[in-house]
Amino acid sequence: QVQLVESGGGLVQAGGSLRLSCAASGSIFSINTMGWYRQAPGKLRELVATITSGGSRNYADSVTGRFTISRDNAKNTVYLQMNRLKSENRAIYYCKIGVGSYTLTRDDYWGKGTQVTVSS
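Residues numbered from 1 in each chain as written. Predicted model: local features only at pLDDT ≥ 70, side-chain atom pairs only at ≥ 80, totals over all residues. Heavy atoms only, no water.

Asker: Please set out unusual backbone geometry residue by residue, giving values where relevant.
Answerer: Here Asn76, not a glycine, exhibits a phi torsion of approximately 50 degrees, which is positive. As for its placement among the helices and strands, Asn76 is situated in the loop between strand S7 (67–72) and strand S8 (77–82). On the basis of relative accessible area, Asn76 is assigned to the partly exposed category, the value being 23%. Positive phi values are uncommon outside glycine, yet Arg84 reaches one of about 50 degrees. Mapped onto the elements of the fold, Arg84 is located in the loop between S8 and strand S9 (91–100). (Helix = DSSP H or I, 4+ residues; strand = E, 2+ residues; numbered from the N terminus. Buried < 20%, exposed > 50% of the residue type's maximum accessible area, 1.4 Å probe, protein only.)

Asker: Requested: an account of the sheet that holds S7, with residues and values cited.
Answerer: Strands belonging to one sheet form pairs held by backbone hydrogen bonds; the direction of such a pair is parallel or antiparallel. One open sheet accounts for four strands, arranged S1-S3-S8-S7; its pairing is antiparallel. With partners counted over all chains shown, the strands left at the sheet margins are strand S1 (2–7) and S7, one partner each. Averaged over neighbouring strand pairs, the angle between their axes works out to 15 degrees when direction is ignored. Here six bridges tie strand S3 (residues 18–26) to S8, and the two strands are oriented antiparallel to one another. Each bridged residue has a counterpart across the sheet, and for Cys22 the counterpart in S8 is Val78. (Pairing = 2+ DSSP bridges. Axes fitted to C-alpha atoms, helices over the stretch in contact; angles between N-to-C directions.)

Asker: Lay out the packing of aromatic side chains in plain terms, naming residues and giving numbers.
Answerer: How two aromatic rings sit relative to each other is set out by the distance from centre to centre and by the angle between their planes. Overall, the coordinates contain two aromatic pairs when judged by the stated rule. Taking 5.5 Å as the distance between ring centres and 65 degrees as the angle between the ring planes, the aromatic pair formed by Phe29 and Tyr102 counts as edge-to-face. With a gap of 73 residues between them, Phe29 in the loop between S3 and strand S4 (30–39) and Tyr102 in the loop between S9 and strand S10 (106–110) connect regions that are remote in the sequence. The burial state of Phe29 is the same as that of Tyr102; both residues are exposed. (Phe/Tyr/Trp six-rings, centres within 6.5 Å; stacked < 30°, edge-to-face > 60°.)

Asker: Just give me the short version of the layout of surface pockets, but keep the residues and values in it.
Answerer: Considering only enclosed or pocket space, the largest pocket measures out at about 200 Å³ in volume. In terms of lining residues, the largest pocket is bounded by 14 residues, among which Arg38, Ala40, Lys43, Glu46 and Glu88 are the most central. Classifying every residue of the lining of the largest pocket gives four nonpolar, three polar and seven charged. (1 Å grid on protein atoms, 1.4 Å probe; cavity = no way out; pocket = protein on both sides within 12 Å on 5 of 7 lines; lining within 4 Å. Points joined across faces, edges and corners; volume = space filled by probe spheres on them. Nonpolar A, V, L, I, M, F, W, Y, C, P; charged D, E, K, R; others polar.)

Asker: How would you sum up the pattern of salt bridges? Please name residues and give values.
Answerer: Applying the stated criterion to the full structure yields one salt bridge. The shortest N-O distance in the salt bridge between Glu46 and Arg38 comes to 2.9 Å. (Salt bridge = Lys/Arg side-chain N within 4 Å of Asp/Glu carboxyl O.)

Asker: Which residues make up the environment of Ile69, and what values do they have?
Answerer: Secondary-structure assignment places Ile69 in strand S7. Since its relative accessible area comes to 0%, Ile69 is described here as buried. Put simply, Ile69 and Leu20 are 49 residues apart on the chain and 9.5 Å apart in space, counted from C-alpha to C-alpha.

Structure below.
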């Protein structure tokens, strides 16, 4: 099985920064697109940022210029650097990683989420 472990969430003041990490382990032949999603109270889960195996990045309009997604293929890890945080960025952040198995099947795996809280 594939397991994702997120870290880096917590409480930060408005205008501050956090860096989230998500490391994948288990039966992994290849990793395709990696991404971060978030869900605020009373809202649907939404895409924050993605990065393909080739390094192409895509961001939600609301975070462009403040958040940066990156990946370390040797460590099977995706990062989300969050700068100039705002109260509206408060949410549970989930990572998602597309995994190719040794039998050529492809599945998406989700982390359990890490809480980001922004204080005024």
